[in-house]
Amino acid sequence: MNADDETPDVYEEVIELAKRRGYLYPSFEIYGGVSGFWDYGPLGKELKKNIVDLWRDRYVVEEGFREIETTTVGAEQVYEASGHAEGFADYLTKCGGCGGYFRADHLVEDHSDVENADGLPREELAKLLADAEAPCPACGETITGEVTDFNLMFETNIGPGDSRKGYLRPETAQGIFVDFHRLKRFYREKLPFGVTQVGTAYRNEINPRSGVVRLREFNQAELEYFKLPDDELDLEEYRDVDVRLYPVGEQEKEDGEVLETTVGEAVDDGVIASESIAYFVAVSQEWYTEIGVDPSRLRFRQHLPDERAHYASDCWDGETLTSHGWIEVNGVADRGTYDLERHMEHSGEELRVFQEYPEPRVTEETLVDPDMSELGPRFGGDANKVADALEDLAENDPGAFEGDSVEVQVAGETHEIDVETTGFERREVKESGENVLPQVIEPSYGLDRIVYSVIEHSLDHDRPEDSEDERRVLRMSPSVAPYDAAVFPLVSKDGLEPIAEDVESRLRDAGLMVDYDASGAIGRRYRRHDEIGTPFTVTVDYDTKEDDTVTVRDRDSTEQQRVAVDELVEHLEERT
RNA sequence: GCGCCGGUGGUGUAGUGGUAUCACAUGGCCUUGCCAAGGCCAUAACCCGGGUUCGAAUCCCGGCCGGCGCACCA
């Protein structure tokens with residue numbers, strides 16, 4: 001399968017529909033718009049909300065990974081610690097000839113012996129670039145430009161003037177790591193536990209091109225799962241989940257293929273190295289299916305070693321096939337202990353979690369508490385050295401303290417000291433556990449791309465019987481479709497409207513998301529809601545007046561069924 | 001960011017120095033008995049800014065947005 005299966009026209013069709021019907025709007029459109037920013041219209045917001053709700057059902061409700069909400073503006077220190085302030089920046093250079101911008105580190109790597117120029121400081125990179133005399137990839141002229149840094153984070157000031165720098169968060173994850181010292185107490189210091197967050201993140205992309213697929217402000221749903229390095233999630237429940245995997249080995253082959261397997265087998269065969277990562281691949285697979293991503297246009301691709309982020313040791317991306325080709329919709333990454341370690345270093349806060357040993361470990365320890373009021377007067381300036389020598393001796397040769405006196409050598413001289421003066425004590429020490437830095441497994445979802453994939457995968461055309469024209473229909477899963485149902489009077493006369501309005505309000509009272517539509521002929525209204533993706537339409541007709549039944553029409557089959565008004569709510573709830 | 005191409009009602013379009021065509025959609029009224037029926041009426045557009053010109057949607061320049069190619073995507 002490849003991207004040619006979808007023509008670029010599909011993207012245009014989806015976007016045209018999405019704009020016209022109220023799914024997606026270009027942001028600031030009346031001022032010309034800014035690329036990389038899109039708004040959700042009424043239907044898009046509802047669709048996204050439903051998708052997020054199902055995500056919460058999986059992760060927060062079922063798995064018990066509590067959700068928090070942290071600020072979108074981050075203090076500078078956060079991103080210094082996370083490595084984003086440095087590592088998230090690209091060093092660019094400008095060609096004097098054509099004016100194009102290029103990655104300075106790439107040019108250096110390509111045109112000199114330097115192999116890994118990525119992490120180099122700017123000055124050094126500038127020097128290397130000058131020496132490399134690299135030709136411009138676009139026009140061929142030798143690059144002599146300065147090296148400037150372009151940070152993908154939006155910068156802002158906190159407080160007046162430039163008193164304090166802040167960044168709009170480039171991922172929601174850091175908020176969780178930064179609150180970890182509180183969260184570990186919330187979970188009463190017991191690993192493993194997980195913390196989720198859903199929210200916006202920002203990346204100042206140089207030139208986002210692919211419409212809604214690359215945004216400068218986007219929505220993430222992330223889980224940080226904290227566990228002991230040797231613990232793995234129990235895969236049992238998900239062993240049989242079918243997945244399509246695209247591991248590194250296959251990607252490196254010319255004609256590499258997607259493996260159709262189960263997560264259980266993938267782990268047994270060593271395709272997915274860790275059960276914990278396999279677990280979240282399986283959860284993802286089930287969730288995608290539930291929200292209406294087409295399983296045949298979904299795969300999980302293992303990151304090639306060189307595309308892993310600075311923190312990740314292994315990573316599998318969920319990808320959907322769209323008119324933009326395969327696009328990344330989520331990643332399941334092993335972030336190791338990187339983030340907590342960095343924040344612990346930078347903040348000085350204890351972020352390790354105390355782990356009790358199954359059995360307390362008992363060790364013998366030798367305590368030396370030299371009596372400085374004796375040693376001081378006797379040795380003067382050498383007193384501290386004598387004390388140190390005693391401590392060394394206690395550690396290396398506790399037996400030396402068994403007599404009345406010990407001998408230590410300081411500055412070439414041997415001193416004899418009363419054991420009583422040294423405060424020597426041999427004792428047992430019980431260690432009941434140790435502080436451990438948790439390992440982090442992170443499933444992270446790009447909600448906007450997922451919403452887009454759901455819309456595009458839903459789009460279909462068919463020709464119902466008794467119809468002249470082709471019908472455009474969004475076959476969206478009822479679990480996520482913006483409207484649960486629409487209510488129509490068959491015609492707008494003979495008192496059908498008040499009855500239809502009554503039916504509408506009964507459905508609303510039951511908590512269903514309902515649209516009422518009396519405009520135009522009935523067929524037109526069916527088509528309108530087909531294109532919106534409303535799974536069921538309820539029509540009030542003349543029989544309703546007689547026997548209190550309505551027609552429920554199924555969006556996908558266009559089949560109709562008589563249902564008693566009193567049973568309508570139950571009927572619809574069963575099917576949505 | 002660079003190069004090429006483009007931007008006309010909500011959507012799709014016609015037109016190309018003298019303010020704009022048509023269809024669909026939308027709203028109202030009439031009509032309507034289950035898959036985009038019909039009639040009448042109405043609403044509604046030249047991406048933004050500057051220049052040239054008596055006059056610019058049209059020509060020129062810049063910007064913004066979009067498409068393609070290059071570059072970028074931690």
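Residues numbered from 1 in each chain as written. Chains lettered and ligands numbered in written order. Predicted model: local features only at pLDDT ≥ 70, side-chain atom pairs only at ≥ 80, totals over all residues. Heavy atoms only, no water.

Asks: A description of the sheet that holds strand E25 (residues 514-516) should follow, citing residues and the corresponding values.
Replies: As a general point, the strands of a sheet are linked pairwise by backbone hydrogen bonds and lie either parallel or antiparallel. As summarised here, the arrangement of the five strands in space is E25-E24-E26-E27-E28, forming an open sheet in which the pairing is mixed. In the strand order of this sheet, the two ends are held by E25 and strand E28 (560-564), each with one partner. Taken pair by pair, the neighbouring strands of this sheet meet at an average axis angle of 25°, ignoring direction. Summarising the sheet, strand E24 (residues 485-489) and E25 pair through three bridges and their orientation is parallel. Paired with Ala 485 across the bridge in E25 is Val 514. Its contacts with the sheet put helix H17 (residues 496-509) on E24, E25 and strand E26 (536-540), and the angle it makes with E24 is roughly 165°. In this fold helix H18 (residues 522-532) packs onto E24, E25, E26, strand E27 (549-554) and E28, with an angle of close to 170° to the strand it touches most, E24. (Pairing = 2+ DSSP bridges. Helix = DSSP H or I, 4+ residues; strand = E, 2+ residues; numbered from the N terminus. Axes fitted to C-alpha atoms, helices over the stretch in contact; angles between N-to-C directions. Contact = heavy atoms within 4.5 Å.)

Asks: Would you mind going over a negative patch on the surface in detail, with residue names and values included?
Replies: A surface patch of like charges, here negative, comprises Asp 369, Asp 371, Glu 374, Asp 388, Glu 391, Asp 392, Glu 395, Asp 404, Glu 407, Glu 416, Asp 418 and Glu 420. For the negative patch, the secondary structure elements donating two or more residues are helix H14 (383-396) and strand E19 (413-418). If you tally residues by element for the negative patch, the top one is H14, at four residues. Along the chain, Glu 391 falls in helix H14. (Patch = residues over 30% accessible without salt bridge, like charges linked within 9 Å, V, L, I, M, F, W, Y side chains within 5 Å. Areas by Shrake-Rupley, 256 points an atom, 1.4 Å probe, with all protein chains shown as cover. Salt bridge = Lys/Arg side-chain N within 4 Å of Asp/Glu carboxyl O. Lys, Arg positive; Asp, Glu negative; His and termini not counted. Charge placed at Lys NZ, Arg CZ, Asp CG, Glu CD.)

Asks: A description of a nonpolar patch on the surface should follow, citing residues and the corresponding values.
Replies: Among the surface-exposed residues, Phe 28, Ile 30, Tyr 31 and Val 34 lie close enough to one another that they form a single nonpolar patch of about 520 Å² accessible area. Relative to the elements of secondary structure, Tyr 31 occurs in the loop between strand E1 (24-26) and strand E2 (38-40).

Asks: Go over the sheet that holds strand E13 (residues 259-262) with me, naming the residues and quoting the values.
Replies: Strands sit in the order E3-E10-E11-E21-E16-E15-E14-E12-E13 across an open sheet of nine strands; the sheet is mixed. Each edge of the open sheet is held by one strand with a lone partner, namely strand E3 (66-67) and E13. With six bridges joining them, strand E11 (residues 217-227) and strand E21 (residues 439-446) adopt antiparallel strand pairing. Looking at the pairing, Lys 227 lines up with Gln 439 of E21. Sheet strands in contact with helix H16 (residues 447-458) are strand E10 (193-202), E11, strand E15 (314-322), strand E16 (325-336) and E21, and its direction is about 35° off that of E15.

Asks: Please give an account of the nonpolar core that cites residues and values.
Replies: The nonpolar side chains of soluble globular proteins are, as a tendency, buried together. Formed by 64 residues in total, the largest nonpolar core has its most connected members in Tyr 23, Phe 280, Tyr 288 and Ile 291. With 10 residues, the top contributor of residues to this core is helix H11 (residues 275-291). Leu 496, Ala 500, Tyr 516 and Leu 572 belong to the second-largest nonpolar core, a separate cluster that totals 18 residues. (Core = buried A, V, L, I, M, F, W, Y, C linked by side-chain atoms within 4.5 Å. Buried < 20%, exposed > 50% of the residue type's maximum accessible area, 1.4 Å probe, protein only.)

Asks: An account of the packing of helix H2 (residues 42-62) against H11 is requested, with residue identities and associated values reported.
Replies: The N-to-C vectors of H2 and H11 enclose an angle of 145°; their axes lie 11 Å apart at closest approach. Judged by the twist between their axes, the crossing of H2 over H11 is right-handed. Taking contact as the criterion, the partners of Ile 51, Leu 54, Trp 55, Arg 58 and Tyr 59 in H2 are, on H11, Phe 280, Val 283, Ser 284, Glu 286, Trp 287, Glu 290 and Ile 291. A per-class count over the contact of H2 with H11 returns eight nonpolar, one polar and three charged. (Left-handed = near helix turned anticlockwise from the far one by under 90°. Nonpolar A, V, L, I, M, F, W, Y, C, P; charged D, E, K, R; others polar.)

Asks: Which residues make up the pairing of E15, and what are the values?
Replies: The buried fraction of E15 is high, at nine of nine residues. Alternating positions in E15 separate into two faces, Asp 314, Trp 316, Gly 318, Thr 320 and Thr 322 on one and Cys 315, Asp 317, Glu 319 and Leu 321 on the other, with burial throughout. With five bridges connecting them, strand E14 (residues 298-302) and E15 associate as antiparallel partners. Within E15, the residue paired with Leu 298 across the bridge is Thr 320. As paired elements, E15 and E16 share nine bridges and run antiparallel to each other. Note that in E16 the partner of Asp 317 across the bridge is Gly 331. In sequence, E15 turns back onto E16 through a hairpin of two residues.

Asks: Could you give an account of the packing of aromatic side chains, naming the residues involved and the relevant values?
Replies: One pass over the full model with this rule turns up 24 aromatic pairs. Note on Trp 55 and Tyr 445: the rings are 5.9 Å apart at their centroids and 75° apart in plane angle, and the pair reads as edge-to-face. Here Trp 55, found in helix H2, pairs with Tyr 445, found in strand E21; they are 390 residues apart in sequence, far enough to count as distant. Comparing Trp 55 with Tyr 445, the two get one shared label, buried. Plain terms: the ring middles of Phe 488 and Tyr 526 are 5.7 Å apart, the flat faces sit at 50° to each other, and that makes the pair tilted. Here the residue Phe 488 occupies a position in strand E24, and Tyr 526 occupies one in helix H18, the gap between them amounting to 38 residues. Across the pair, exposure class does not vary: Phe 488 and Tyr 526 are buried alike. Members of the aromatic cluster, joined through ring pairs, are Trp 55, Tyr 59, Phe 65, Tyr 225, Tyr 238, Tyr 279, Phe 280, Trp 287, Tyr 288 and Tyr 445. (Phe/Tyr/Trp six-rings, centres within 6.5 Å; stacked < 30°, edge-to-face > 60°.)

Asks: Explain the side chain of Lys 227 to me, using residue names and the numbers behind them.
Replies: The topology assignment puts Lys 227 in strand E11. When its relative accessible area of 1% is taken as the criterion, Lys 227 is described as buried. Within the local environment of Lys 227, its side chain forms a polar contact with the backbone oxygen of Asp 231, the two atoms lying 2.7 Å apart. A polar atom in the side chain of Lys 227 sits 2.5 Å from the side chain of Gln 439. Beyond its immediate chain neighbours, meaning those up to four positions away, Lys 227 contacts Leu 191, Pro 192, Glu 232, Ser 276, Pro 438, Gln 439 and Ile 441. (Polar contact = N/O pair within 3.5 Å; in protein donor to acceptor, adjacent residues only side chain to side chain.)

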